Amino acid sequence: MLTFGIILGWAVLSVLFALAVLPKAHATAPQAMPFLGGGTPDTHAWQRFHFRPYTMSLLFVAFEMEMMFMYPWAVVFVEEGIKALAEMGMFLTILSVGILYGWREGIFRWE
Amino acid sequence: MMSLSRLMSRAPAPVFPAIGPGRQADVERLLSRSGLRAAATPRDAAILLVAGDIPGTAAAPLARVHDQIPRPRVTVSWGHDEPDAIAARIAEAWREVCAGGEGEGDRLPDEPPNKWKGVGPNGQGGKGMMGGVPYGRPMAMTGPDIRDGLQLDRYTARFGPFAPMLPPGLVLEVTLQGDVICDVTVETQPFAQPADADAPDLCAARMLRLLGLAGPADRATAGKKPRGVWMRGAVPGGLGSVDGAGDARDRLSRWLSGTPVTASVPDIPALLKGAEWSEAMLILASLPPSAILRACQTPEAA
Amino acid sequence: MIVLLALVVLGTLLVGTLFAAMLDRSHLSIVAFFARQRVETEAPDRLNRDLAPAWYLTLAGAGLSVVPFAPGLALIDSPVGIVIWGSCEALVIVTVFLHGWSPNAPFPLIGAYRYAAIGLPVMLPSMFVLIAAALPAESLSLIAIVESQREIWNVIRQPLGLPLFLIVALAMTLRGPMDYADAADIATGTSAEASGAGRALWQTARLAMLVSVSAIAATVFLGGPLGPLLPGPVWLWLKTAALMALIVLLGNRIARTTPSRMMWILWVVLLPLSFLHLLISGLVAL
């Protein structure tokens, strides 16, 4: 509870600080144009942006879930000894096969 | 209050350069001095340095860049003065800005790029998601992608002639999907530069800046050995290969060892099409300015 | 006690940020930009534009709060301190993305997506390194991790840990070889449209994060407040300052490759390296 309070306290403090030092932004129409080195855009920049590494982000989800298992594992590691090391080794080996498969399928390419 | 403005004026003067014909080398050497800071965007600048005679075709872009600098702002024109005199004038202008002067007004009229035509709370106009000109500008539309054929939005804009990552004067009309260049045409060719813009130290410095090594780039410009790690290795192999001049990494190696590079490039759009934006900018920086100019001139001659 | 610790954390953050700005030689420029006009871009996302630097500062503050300033004494005395810091790291990606998204301009948008593509895989070595440090401590608490280094620091016991974590630190603070958000080829990327006080505040938050990430690295690898003669906080400050200088130096000296190549390096080189690091650390801990 105290932890949440402290983090919330930092958030409140930071937002108040930002509000205090940030003046209201204002601009005339030529000032507001996006910077393109003197050039002009046809459209707004907000778009259905082609995020090239989207396939990589799927593999990333698998690894993030794996992290969840590693937190409790790290705490009992010394107690469980070599068994814990072997178990995590097997788990990571299986995930590494996933990396190799993804690599072969070209998911780390920018497309 | 007086002391605060004096403290501010001791910061390096943030300068956005608008480089005209024949002045690229002069400006690059000037801005590598301490006490001056080359801003990559007018938002980060207070002083517009106009070097040389900007041709009439670039007058409107110059006005746009000028207006994008936050107020108060000052323009410094560099005709044929000595670099020391210009550095002193910039320092003077920066002190003026820090003292809170009025600065210059806008050069362009205060009108939105298009008329607001829309209906609805955001002026979106057309039916559903498409059409209309919200806030005076239309939305991007879909098209097939060059790499994987996905139907996502295409963003078309003209970059230059004062884009810091492009050669001065060059205007490219680029269609981007995400960060990959799907289509590119040369709208305006770069300004002609004398041979000193091809000097190996300046060419190496341009590439080092793109690799995030501003400090080593300044050292290279000052004629010292740039101290950087993984400078050649960071440039991907095989990027921007040109007959007889190797790839971008080879050219950086030669420039770092002080050897000039001469390259004859067939066609700039062909070299950039399909490249990711940062790769495309590295390819352009890895070519001597004279080679880019020749490549842009040949289609007209043919 | 809590109030005193909160003041110590706040003081460390303020003085550390000033020190970081001097290391970066940007302190005068930041002061100058607080006084300049803040330009409104075309139809921006005003809420996120203003909140992005505030979140960045929040994450720096929250991250520094889990650091023990003396053995057994941290503002957030949590049994899962590492998890709190890990979530701060992950939220930095969101914050940087919002900073690039909000101005509605092409260069910031490219920088934002580029940073997301690099920031995500950077999280993996980061968590492996921190979990490896938790193995000998048998706890996820940073206080326990400090205690586990009484005899030998993790920087020696787990030799790959600090180098891998320095890469993470460069990414968290948008520096040099890992600065994919604010690269020169996109005119300082996510910050390309930030001007005046907005720009200065973002730079300040970036430097504040440098303090936090260095303090965490000092705690996890250099024994944090442990040291002879001098009191605990002084040791922590000295180690943090040394790491800050190291990170700034590395950021200024190491070249940055293209984003697509860096993504490949992160998955195919650095991730297996962090597996190896976990294996070595596990065997040593047994």
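Here the structure is shown first, and the text comes after it.
Predicted model, so just to flag it, every value in this text is computed and none were measured. (Residues numbered from 1 in each chain as written. Chains lettered and ligands numbered in written order. Predicted model: local features only at pLDDT ≥ 70, side-chain atom pairs only at ≥ 80, totals over all residues.)

1. Some words on the overall build of chain A
Okay, so step 1: Helices and strands together make up the secondary structure of chain A, namely 4 helices and 0 strands.
Okay, so step 2: Taken from the N to the C terminus, the helices and strands of chain A come in the order α-α-α-α.
Okay, so step 3: Whereas a compact globule of 111 residues would reach a radius of gyration of roughly 13 Å, chain A reaches 24 Å, over 25% beyond that.
Okay, so step 4: Seen along its three principal axes, the alpha-carbon backbone of chain A occupies a region of about 65 × 45 × 20 Å. (Helix = DSSP H or I, 4+ residues; strand = E, 2+ residues; numbered from the N terminus. Rg over C-alpha atoms; globule rule 2.2 N^0.38 Å.)

2. Overview of the pairing of strand E4 (residues 74-78) of chain B
Residue and element names in this part refer to chain B.
Okay, so step 1: In this structure, strand E3 (residues 47-51) lies alongside E4, joined through 5 bridges in parallel fashion. Its bridge partner being in E4, Leu49 is matched across the sheet by Val76.
Okay, so step 2: Handedness of the β-α-β unit built from E3, helix H3 (residues 59-68) and E4 comes out right-handed. (Pairing = 2+ DSSP bridges. Right-handed = clockwise from strand over helix to strand, strands pointing away.)

3. Re helix H9 (residues 196-221) of chain C
Okay, so step 1: Taking 1.5 Å as the rise per residue, H9 of chain C with 26 residues should run 38 Å; its terminal C-alpha atoms sit 38 Å apart, in good agreement.
Okay, so step 2: A positive backbone phi angle near 75° is found at Gly223 of chain C, which sits one or two residues after H9 of chain C. (Expected span 1.5 Å × (residues − 1).)

4. Digging into the environment of Leu13 of chain C
Residue and element names in this part refer to chain C.
Okay, so step 1: Within the secondary structure, Leu13 is located in helix H1 (residues 2-23).
Okay, so step 2: Taking the number of C-beta atoms within 10 Å as the measure of exposure, Leu13 has 23 and is therefore buried.
Okay, so step 3: Among all residues touching Leu13, those that are not within four sequence positions of it are Ala60, Gly61, Leu64, Ala208 and Val211. (Buried ≥ 20, exposed ≤ 12 C-beta atoms within 10 Å, placed from the backbone. Contact = placed C-beta atoms within 7 Å.)

5. Digging into the packing of helix H3 (residues 54-80) of chain A against helix H5 (residues 106-137) of chain C
Okay, so step 1: It is the contact of H3 of chain A with H5 of chain C, at a shortest axis distance of 9 Å, that shows an interaxial angle of 5°. What the angle tells us is that H3 of chain A and H5 of chain C run roughly parallel. For the pair H3 of chain A and H5 of chain C, contact is made by Ser57, Phe60, Phe63, Met67, Met70, Ala74, Phe77 and Val78 of chain A and by Leu120, Pro121, Leu124, Met127, Ile131, Ala134 and Leu135 of chain C, respectively.
Okay, so step 2: Looking at side-chain class alone, the contact of H3 of chain A with H5 of chain C contains 14 nonpolar, 1 polar and no charged residues. (Axes fitted to C-alpha atoms, helices over the stretch in contact; angles between N-to-C directions. Parallel < 35°, antiparallel > 145°, perpendicular 65-115°, else oblique. Nonpolar A, V, L, I, M, F, W, Y, C, P; charged D, E, K, R; others polar.)

6. As for the interface of chain C and chain A
Okay, so step 1: Contact residues are listed per partner, giving 51 residues for chain C and 47 residues for chain A.
Okay, so step 2: Those elements that place two or more of their residues in the side of chain C that touches chain A are helix H3 (46-65), H5, H9 and helix H11 (259-285) of chain C.
Okay, so step 3: Considering each element in turn, the side of chain C that touches chain A owes the most residues, 12 residues, to H5 of chain C.
Okay, so step 4: Among the residues forming the side of chain C that touches chain A, the class breakdown is 35 nonpolar, 10 polar and 6 charged.

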